[in-house]
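Coordinate analysis (summary)
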Amino acid sequence: MSSKYFMKIILITGFLFLCGSCQPTQEKPPSFILIRHAEKMIASGNDPQLSSKGWQRANALVTIFEAVGIDAIYASPYLRAIDTAKPLAAAKQLEILNYAPDQLDTFAQKLLATHKGETVVIVGHSNTTPRLVNALSGTDYPDLDESEYDWIYFVEMSPEGTSNVKKIQIQM
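We now turn to the structure provided with this report.

Reading the values: the criteria
- Residues numbered from 1 in each chain as written.
- Predicted model: local features only at pLDDT ≥ 70, side-chain atom pairs only at ≥ 80, totals over all residues.
- Heavy atoms only, no water.
- Axes fitted to C-alpha atoms, helices over the stretch in contact; angles between N-to-C directions.
- Helix = DSSP H or I, 4+ residues; strand = E, 2+ residues; numbered from the N terminus.
- Parallel < 35°, antiparallel > 145°, perpendicular 65-115°, else oblique.
- Left-handed = near helix turned anticlockwise from the far one by under 90°.
- Contact = heavy atoms within 4.5 Å.
- 1 Å grid on protein atoms, 1.4 Å probe; cavity = no way out; pocket = protein on both sides within 12 Å on 5 of 7 lines; lining within 4 Å.
- Points joined across faces, edges and corners; volume = space filled by probe spheres on them.
- Nonpolar A, V, L, I, M, F, W, Y, C, P; charged D, E, K, R; others polar.
- Buried < 20%, exposed > 50% of the residue type's maximum accessible area, 1.4 Å probe, protein only.
- Polar contact = N/O pair within 3.5 Å; in protein donor to acceptor, adjacent residues only side chain to side chain.

Running from amino to carboxyl end, helix α2 (residues 52-64) crosses helix α3 (residues 79-92) at an angle of 30 degrees, the nearest separation of the two axes being 8 Å. Relative to α3, α2 is oriented roughly parallel. In the packing of α2 onto α3, the handedness of the crossing is right-handed. Between α2 and α3, the residues in contact are W55, A58, N59, L61 and V62 and D83, T84, P87, L88 and A91, respectively.

Next up, the structure:
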């Protein structure tokens, strides 16, 4: 094969590669990390603070998600959810955004519409966290037991709108 013919193949291959890379890319779908708030103080009113174990768990989230690019962090307006999110938000230099835990279907639609291509952490409660997973993914996870603080849900959306959910236990 002549070097002139070989150069033409290289140039055509390079051109086709460049043309292919100029095509519009499919938008990356969002990913969601849903966490129940950390351990709370017992019998301390309607809006309890985190216990010392709860603060340990909240601080551990910084290490767990150290290598994860996080674009937004939401927490319910309750102190225990906000305090769970605080160390991670500080480490990622993000503001904690609030959501209404009694409007999960609306919130799920907002998340899907406004966070395309982003990774979002949502801190909720034993009932709202699995219910939000269900609203985002069409699954049927039951509420967590009042004593369960160590489950994290990962919801990855596909470009077609289908979801893949992983429920992982992080014991301390």
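What follows is about the layout of surface pockets. When its volume is computed, the largest pocket comes out at roughly 150 Å³. Each residue belonging to the lining of the largest pocket can be placed in one class, and the counts come to five nonpolar, two polar and four charged.

On to the environment of D71, then. Mapped onto the elements, D71 comes out in the loop between α2 and β2 (72-75). D71 gets classed as partly exposed once you look at its relative accessible area, which sits at 39%. Distance in space between the C-alpha atoms of D71 and Q93 is 9.8 Å, their sequence separation being 22 residues. For D71, the side chain forms a polar contact with the main-chain nitrogen of T119, separated by 2.8 Å.

Honestly, that's just the spatial picture; any functional story needs more than this.
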